Amino acid sequence: MEIVVCVKQVPDTTEVKIDPATNTLIRQGVPSIVNPFDKNALEAALQLKEKHGGKVTVISMGPPQAAEALKECIAMGADEAVLISDRAFGGADTLATSHTLAAGIKKLGNVDVILCGKQAIDGDTAQVGPEIAEHLGIAQVTYVSKIEAGGNKLKVEREQEEGYEIIEAATPVMLTVVKSINEPRYPSVKGTMKANRKAIPVWTANDVEVSPDKIGLKGSPTQVRRIFSPKQRTQGEIIQTDSARESAALLIQKLADAKII
Ligand SMILES: Cc1cc2nc3c(=O)[nH]c(=O)nc-3n(C[C@H](O)[C@H](O)[C@H](O)COP(=O)(O)OP(=O)(O)OC[C@H]3O[C@@H](n4cnc5c(N)ncnc54)[C@H](O)[C@@H]3O)c2cc1C
């Protein structure tokens, strides 16, 4: 089974710096981690490989330092890694990001399963996985909490607010996974040594089949106009009268005045 896991390197802090001129994240110098949901996706891929054989390739679009995240994935057990990195990809929104990643996955060749995290903890959009599936014209199942493989079909559980759906999907298919699917393993010593020796290939815009007008800022239909910290919440008000009934009536009045109810 040929499995590709999309991995994003994300800042390991909520105190990310923002370039006020371009409204983009300044990632250089900020401590980074593998997006936690992507570790769940990698763990799911490794379990599929252990049971059914095949190969796990991790792929990321990001700045040169994102190679570190890919090395961590190799240390966890991924077989191959590819970094898609080029200044031309900078400022990408989810459409441009997914266009680029889909082109990278196409270049990898035959793929049975693409695994993504449910969402990235910095962008938080949960759009990239489904958009990759759309670009490649393949089926998708999101919020996956269990995967069983057999033949050229996967049986998956899709988490819902109340309960879950059981869905059968023919490969090739793209799945995004939720946290409850598994507990990601730690990198092994052998894996870490392998990761240290591994040279991660870097594909630029010339190496993948992308249209120049569909990548980076130019290929992004959305643009972040302003980024700012949310206002501190004002202190609450405690309503206390002699009777509970009176307090409740006063509370309801205040909530109604504030158009909350
Ligand atoms: C409107 C908008 C404008 C933006 N503009 C900029 C900008 O100008 N500059 C900038 O640096 N960023 C920008 N971003 C952020 C950047 O485009 C997003 O981080 C990126 O598109 C992924 O979206 P996300 O983080 O919400 O990922 P999600 O869609 O939440 O990620 C879901 C999953 O997709 C996979 N995935 C996501 N991104 C990658 C990746 N890069 N490589 C591999 N796998 C991935 C992972 O498996 C991840 O778990 C913008 C985002 C938005 C929404």
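Structure shown above.
Residues numbered from 1 in each chain as written. Predicted model: local features only at pLDDT ≥ 70, side-chain atom pairs only at ≥ 80, totals over all residues. Heavy atoms only, no water.

A. Structural detail: the site of the ligand. Near the ligand, the surroundings consist of 29 residues, among which Cys-6, Lys-8, Asp-38, Ala-92 and Thr-125 are the closest. Mapped onto the shell around the ligand, the elements with two or more residues apiece are strand E6 (55–61), helix H3 (94–108) and strand E8 (113–117). (Near = heavy atom within 4 Å. Helix = DSSP H or I, 4+ residues; strand = E, 2+ residues; numbered from the N terminus.)

B. Representation of the nonpolar core in the model. Among the nonpolar cores identified, the biggest contains 37 residues, and Val-5, Leu-42, Val-58, Leu-115, Ile-147 and Leu-175 are the most heavily contacted of them. Broken down by element, this core gets its largest block of residues, seven residues, from helix H2 (residues 67–76). Excluding residues that lie within four positions of it along the chain, Ile-147 makes contacts with Ala-44, Leu-48, Leu-115, Leu-154, Lys-155, Val-156, Leu-175 and Ile-181. (Core = buried A, V, L, I, M, F, W, Y, C linked by side-chain atoms within 4.5 Å. Buried < 20%, exposed > 50% of the residue type's maximum accessible area, 1.4 Å probe, protein only. Contact = heavy atoms within 4.5 Å.)

C. Molecular detail of the side chain of Ser-98. Relative to the elements of secondary structure, Ser-98 occurs in helix H3. If sequence neighbours within four positions are ignored, Ser-98 has contacts with Val-128, Glu-131, Ile-132 and His-135.

D. Highlighting the packing of helix H1 (residues 36–52) against H2. Their axes nearest at 11 Å, the elements H1 and H2 cross at an angle of 35 degrees. Here the hand of the crossing between H1 and H2 comes out right-handed. Together, Lys-39, Leu-42 and Leu-46 of H1 and Glu-72, Cys-73 and Met-76 of H2 make up the contact between the two elements. A per-class count over the contact of H1 with H2 returns four nonpolar, no polar and two charged. (Axes fitted to C-alpha atoms, helices over the stretch in contact; angles between N-to-C directions. Left-handed = near helix turned anticlockwise from the far one by under 90°. Nonpolar A, V, L, I, M, F, W, Y, C, P; charged D, E, K, R; others polar.)

E. Region of the structure containing the environment of Arg-87. Here Arg-87 is to be found in the loop between strand E7 (80–84) and H3. You can call Arg-87 exposed: its relative accessible area is 82%. Taking the C-alpha atoms as reference, Arg-87 lies 27 Å from Thr-176; in sequence the two are 89 residues apart.

F. Spatial organisation of unusual backbone geometry. The omega angle of the peptide bond from Thr-171 to Pro-172 is 5 degrees, so this bond is cis rather than trans. Inspection of the secondary structure assignment puts Pro-172 in the loop between strand E11 (164–170) and strand E12 (173–177). Unusually for a residue other than glycine, Tyr-143 sits at a positive phi of about 55 degrees. Relative to the assigned elements, Tyr-143 resides in strand E9 (residues 139–150). Of note, Lys-259 is a non-glycine position whose phi angle comes to about 60 degrees, a positive value. Exposure remark for Lys-259: the relative accessible area of 73% places this residue in the exposed category.

G. The arrangement of the layout of surface pockets in detail. Space inside the second largest pocket adds up to approximately 220 Å³. If you go around the second largest pocket, the residues you meet are Ala-44, Gln-47, Leu-48, Lys-51, His-52, Lys-146, Ile-147, Glu-148, Ala-149, Ile-181 and Asn-182. For the lining of the second largest pocket, the secondary structure elements donating two or more residues are H1 and E9. No other element matches the five residues that H1 contributes to the lining of the second largest pocket. (1 Å grid on protein atoms, 1.4 Å probe; cavity = no way out; pocket = protein on both sides within 12 Å on 5 of 7 lines; lining within 4 Å. Points joined across faces, edges and corners; volume = space filled by probe spheres on them.)

H. Representation of the packing of H2 against helix H5 (residues 189–197) in the model. Interhelical geometry of H2 versus H5 gives an angle of 140 degrees and a closest axis separation of 7 Å. Relative to H5, the element H2 is oriented oblique. Considering the relative orientation of H2 and H5, their crossing is right-handed. Touching Lys-71, Ile-74 and Ala-75 of H2 are Gly-191, Thr-192, Lys-194, Ala-195 and Asn-196, all from H5. Tallied by class, the residues present in the contact of H2 with H5 amount to three nonpolar, three polar and two charged. (Parallel < 35°, antiparallel > 145°, perpendicular 65-115°, else oblique.)

I. Summary view of the state of the cysteines. On inspection of all chains with the given rule, the structure shows zero disulfides. Sulfur of Cys-6: no disulfide; nearest cysteine sulfur belongs to Cys-116 and is 3.8 Å away. Here Cys-73 stays unpaired: no disulfide links it, and the sulfur of Cys-6, its closest cysteine neighbor, is 11 Å away. (Disulfide = S-S within 2.5 Å.)

Purely geometric stuff here, so don't read any function into it on its own.
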